[in-house]
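# Structure assessment
Here is what each chain is made of, one letter per residue.
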Amino acid sequence: MSLLLNRAALDERGRGRLDEVQGAPVTILQIGEGNFLRGFTDWMIQACRNQGLFSGSIAVVQPRPSGRAKIEKLAAQDGMYTLVTQGLENGQEVCRKETIGVFSQAFDPYSEWKRLLELAASPELRIVISNTTEAGLVYRPEKLTGGPIQSYPGKIAYLLYERYKTFLGDPEKGLILLPCELLERNGDVLKAAVLQYSKDWKFPAAFHDWIKQHNRFLSSLVDRIVPGYPEEAQAEAWFHEWGYRDELLCTAEPYHLWAIEAEPELEAILPLRKAGLNVHWTDDLKPFQQQKVRILNGAHTWMAPLGILHDIEHVRAFMEHPEFGAAVRETVWRDILPTLPYGENELKTYADSVFDRFGNPYIRHRLADIAMNSMGKFSVRLMPTLAHYAESGEAIPARLALGLAALLRYYKVTKGSDGEFTGTSLKGIRYVVRDDSNALDRIAGHWQAAGASNADAIGAILADKELWGSSWSGLAESVIVQSEVLERGEGNE
Ligand SMILES: NC(=O)c1ccc[n+]([C@@H]2O[C@H](COP(=O)([O-])OP(=O)(O)OC[C@H]3O[C@@H](n4cnc5c(N)ncnc54)[C@H](O)[C@@H]3O)[C@@H](O)[C@H]2O)c1
Ligand SMILES: O=P(O)(O)OC[C@@H](O)[C@@H](O)[C@H](O)[C@H](O)CO
């Protein structure tokens, strides 16, 4: 099958719809071309468009220089891709195929920096959506060079300043910023970073006031499992059935939830509930946030390194493993839930629904994908649970310590001549670790310096404040014990 999904593959009706999108004003700028945004927010905007509730379009750019390949593929597909939603919905099996066509522009902001600046200065632009993972939504000091800004929040600061200058500080021209990174109070984190860049770059105080008073940095919480591209054999079978290929084919589960801390009146701009989507405008995001990040993401982040070290490829396979499937449930039920300040039944119901979602037979969610940027994820998703035990003087639960031991063993990496960091599973299978290269360099250094002593490496890594923001030495003893359990290969029979 060589025909690609693009204008040429569409029938007349499809081409008409594509023309509408491509001729529509860009009202949303999307920083991030990853699976999640394509299987969640873009799908939601498509739902709004389908119901005549949204007449704008989205311009999408990648957040870092290396993400260019997907943007090029999107451009080659005239901004379109297929989303297949599979799983149980109200007890019924569903398999829905949709062509998502909401992008009127897809370009590389590093080679087309001016084009991005022009967008920022467009009167029609209203919203900026992003997902750059937790590793992207961070403040890293950066100098102005006159060229593209590297970081995501730095870009936002610079783009907002362009906008401010273009419209002479017009209060009506502020933007709504909707970061979807899984960081607590992601809107506040973005706002703080933007203000810091603006200060570093000595932008005027009046601009700071304009940022604060006329731009909305909304915190939100997203929930949907979006594994992205399916197994090759499944993809090929679909391409054969559809009569075209789709390099950006994405799969997702039916479940979706977006809790946004803002007043429901914003439906006038983003009519998501009106489109029938499971969106909550709320004045308190915390309960949504804590439950989801600590339970669902905590379980994912706990299982990914452990699974990879045992050569398990997918979430479902991990759940079905006789030892590990039980261990992840126990970790959630016994170690994570008791640390959360919500009703036991409510928590248990949510946790059980998460395990059902993890077992979705149609979704092959790769542990290798979940493991990307695991250091930052572990800090946000599991360290608060561990801290709960450490601070209250209770013993550190062995299963949680095992998760941390697995994380550190997973990061026992060496750097290749190509700059790639690789480790090996307990049975010697090689894997690639994707994370911040400075962090990986530091961790590789600790492992190297410790030689044959896992305990020394664990002690040094947990004590490294540069890596974690603070020292976690207090956990070392429990983690070293579990590291020995791990190395003995227990639970892998
Ligand atoms: N896929 C899911 O099921 C899902 C569901 C909910 C939330 N999320 C969140 O979305 C994030 C992305 O998941 P995805 O499935 O889209 O992954 P992906 O690999 O498809 O996309 C990752 C995106 O983040 C960018 N990125 C990665 N590291 C970065 C860095 N250091 N700086 C700037 N940008 C960086 C990439 O360029 C890309 O745009 C996850 O980390 C998670 O926080 C994912
Ligand atoms: O890349 P991550 O770890 O942020 O995401 C992996 C999963 O935890 C995540 O994709 C969940 O499936 C998602 O957060 C569900 O809403």
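Model, not experiment: these values are computed from the prediction. (Residues numbered from 1 in each chain as written. Chains lettered and ligands numbered in written order. Predicted model: local features only at pLDDT ≥ 70, side-chain atom pairs only at ≥ 80, totals over all residues. Heavy atoms only, no water.)

## Points about the domain arrangement of the protein
Applicable threshold: Bear in mind that the domain bounds are from an automatic or database domain assignment. Note on definitions: buried area is the accessible-area loss of two parts on being combined, 1.4 Å probe, summed for both. A pair is scored as a salt bridge if a Lys or Arg side-chain nitrogen falls within 4 Å of a carboxyl oxygen belonging to Asp or Glu. Any N or O atom pair separated by 3.5 Å or less is treated as a polar contact, with the protein-specific requirement of one donor-capable and one acceptor-capable atom, and with residues adjacent in sequence counted only for side-chain atom pairs. Strands here mean DSSP runs of E at least two residues long; helices mean DSSP runs of H or I at least four residues long; both are numbered from the N terminus. Each residue gets one of three labels, nonpolar for Ala, Val, Leu, Ile, Met, Phe, Trp, Tyr, Cys and Pro, charged for Asp, Glu, Lys and Arg, and polar for the others, Gly among them.
Its domain assignment divides the protein into domain 1 (7-282) and domain 2 (286-487). For the domain 1 and domain 2 pair, buried surface summed over both sides reaches about 2300 Å², with 55% attributable to carbon and sulfur atoms. Our count for the contact surface shared by domain 1 and domain 2 stands at 5 salt bridges. For E231, the salt bridge identified is with R364, shortest N-O distance 3.6 Å. Our enumeration of links across domain 1 and domain 2 arrives at 10 residue pairs in polar contact (both at pLDDT 80 or more). Of all the secondary structure elements, the ones that give two or more residues to the side of domain 1 that touches domain 2 are β3 (81-89), α6 (133-136), β9 (220-223), β11 (257-261) and β12 (279-282). In terms of residues, the side of domain 1 that touches domain 2 owes the most to one element, β9, which gives 4 residues. Considered class by class, the residues forming the side of domain 1 that touches domain 2 number 14 nonpolar, 6 polar and 9 charged.

## Some words on the pairing of strand β14 (residues 421-424)
Under the convention used in this document: In this scheme, strands are said to pair when DSSP sees at least two bridges between them.
Of the pairings in the sheet, the one linking strand β13 (residues 414-415) to β14 comprises 2 bridges and is antiparallel in character. Across the sheet, T414 pairs through a bridge with T422, a residue of β14. Sheet topology places β14 next to strand β15 (residues 430-433); 4 bridges connect them, and they run antiparallel. Across the sheet, residue T422 finds its bridge partner in β15, namely V432. Turn length for the β14-β15 hairpin, with the two strands adjacent in sequence and antiparallel, is 5 residues, and the turn residue G428 shows positive phi of about 90°.

## Some remarks on the side chain of H314
Note the threshold: When a residue's accessible area, from a 1.4 Å probe over protein chains only, is under 20% of the maximum for its type it is buried; when over 50% it is exposed; and in between it is partly exposed. Whether two residues are in contact is decided by their heavy atoms, any of which lying within 4.5 Å being enough.
Among the structural elements, H314 can be located in the loop between α11 (286-309) and α12 (315-320). Assessed through its relative accessible area of 7%, H314 is described here as buried. Not counting chain neighbours up to four residues away, the residues in contact with H314 comprise E231, R364, H365, R366 and L367.

## As for the site of ligand 1
Our working definition: Definition of nearness: a residue and a molecule or strand are near each other if at least one heavy atom of the residue lies within 4 Å of the molecule or strand. Each accessible area value is a Shrake-Rupley result obtained with a 1.4 Å probe; residue values ignore everything except the protein chains displayed when judging cover.
Close contacts around ligand 1 come from 24 residues, with E33, N35, F36, N131 and V226 the closest. Here N131 contributes a side-chain N or O atom positioned 2.7 Å from an oxygen atom of ligand 1. Protein burial of ligand 1: of its 820 Å² of free accessible surface, 85% is covered by the chains. Among the secondary structure elements, those contributing two or more residues to the shell around ligand 1 are α2 (35-39), α6 and α16 (374-381).

## Concerning empty space enclosed by the protein
This is how it is decided: The distinction between a cavity and a pocket rests on a 1 Å grid over the protein atoms alone: a 1.4 Å probe fits inside a cavity but cannot get out, while a pocket stays open yet meets protein on both sides within 12 Å along at least five of seven lines, and a residue with an atom within 4 Å of a point counts as lining. Grid points are joined across faces, edges and corners, and a volume is the space filled by probe spheres set on the points.
Going through the model one piece at a time under the given rule, you end up with 4 cavities of 30 Å³ or more. The calculated volume of the largest cavity comes to roughly 60 Å³. In terms of lining residues, the largest cavity is bounded by L29, A120, L125, V128, I156, L159, L160, R163, L175 and L177. Broken down by element, the residue count for the lining of the largest cavity peaks at 4 residues, all from helix α7 (residues 152-166). For the lining of the largest cavity, a count of residues per class yields 9 nonpolar, no polar and 1 charged. The volume enclosed by the second largest cavity comes to roughly 40 Å³.

## A closer look at the nonpolar core
Definition in use: Among buried residues, those of type Ala, Val, Leu, Ile, Met, Phe, Trp, Tyr and Cys that are joined through side-chain atoms within 4.5 Å constitute a nonpolar core.
Counting 70 residues, the largest nonpolar core has F358, L404, L408, L462 and W468 as its most contacted members. The next biggest cluster of nonpolar side chains, apart from the first, holds 47 residues, and it includes F54, L248, A262 and L285.

## Section: the site of ligand 2
Near ligand 2, the surroundings consist of L182, D223, R224, I225, K292, L296, N297, H300, H365, I370, K377 and R381. Between ligand 2 and R224, the relevant distance is 2.7 Å, taken from an oxygen atom to a main-chain nitrogen or oxygen of the residue. Here K377 contributes a side-chain N or O atom positioned 2.7 Å from an oxygen atom of ligand 2. Secondary-structure elements contributing two or more residues to the shell around ligand 2 are α11 and α16. Top element by residues in the shell around ligand 2 is α11. It accounts for 4 residues. The class makeup of the residues in the shell around ligand 2 is 4 nonpolar, 3 polar and 5 charged. Counting residues domain by domain, the shell around ligand 2 receives three or more from each of domain 1 (7-282) and domain 2 (286-487).

## Focus: the layout of surface pockets
The computed volume of the second largest pocket comes to approximately 580 Å³. The wall of the second largest pocket is formed by 21 residues, among which R140, D436, A439, E466 and L467 lie closest to the centre. Secondary structure elements with two or more residues in the lining of the second largest pocket: α6, α16, α19 (437-450) and α21 (465-468). Examining the composition of the lining of the second largest pocket, we find that 4 residues originate from one element, α16, more than from any other. In the lining of the second largest pocket, the residues fall into 10 nonpolar, 5 polar and 6 charged.

## Examining the packing of aromatic side chains
Put simply, the rule is: Think of it this way: a Phe, Tyr or Trp ring, Trp meaning its six-membered ring, pairs with another when their centres are within 6.5 Å, and the plane angle makes it stacked under 30 degrees, edge-to-face over 60, tilted otherwise. Only when the NZ of Lys or the CZ of Arg is both within 6 Å of the ring centre and within 35 degrees of the ring normal is a charge said to sit over the ring.
Scanning all chains against the criterion turns up 25 aromatic pairs. Between the aromatic rings of W238 and W242, the centroid separation amounts to 5.8 Å while the plane-to-plane angle is 10°, which identifies the pairing as stacked. Taken together, the positions of W238 and W242, both in helix α10 (residues 232-242) and 4 residues apart, correspond to about one turn of that helix. When its relative accessible area of 15% is taken as the criterion, W242 is described as buried. Feature note: the residues W113, Y139, Y158, Y161, Y164, Y197, W201, F203, F207 and W210 constitute an aromatic cluster, connected by ring pairs. A cation over an aromatic ring shows up here: R38 above the ring of Y81, its NZ or CZ 5.2 Å from the ring centre. Positioned over the ring face of F355 is R329, at 5.4 Å from the centre of the ring.

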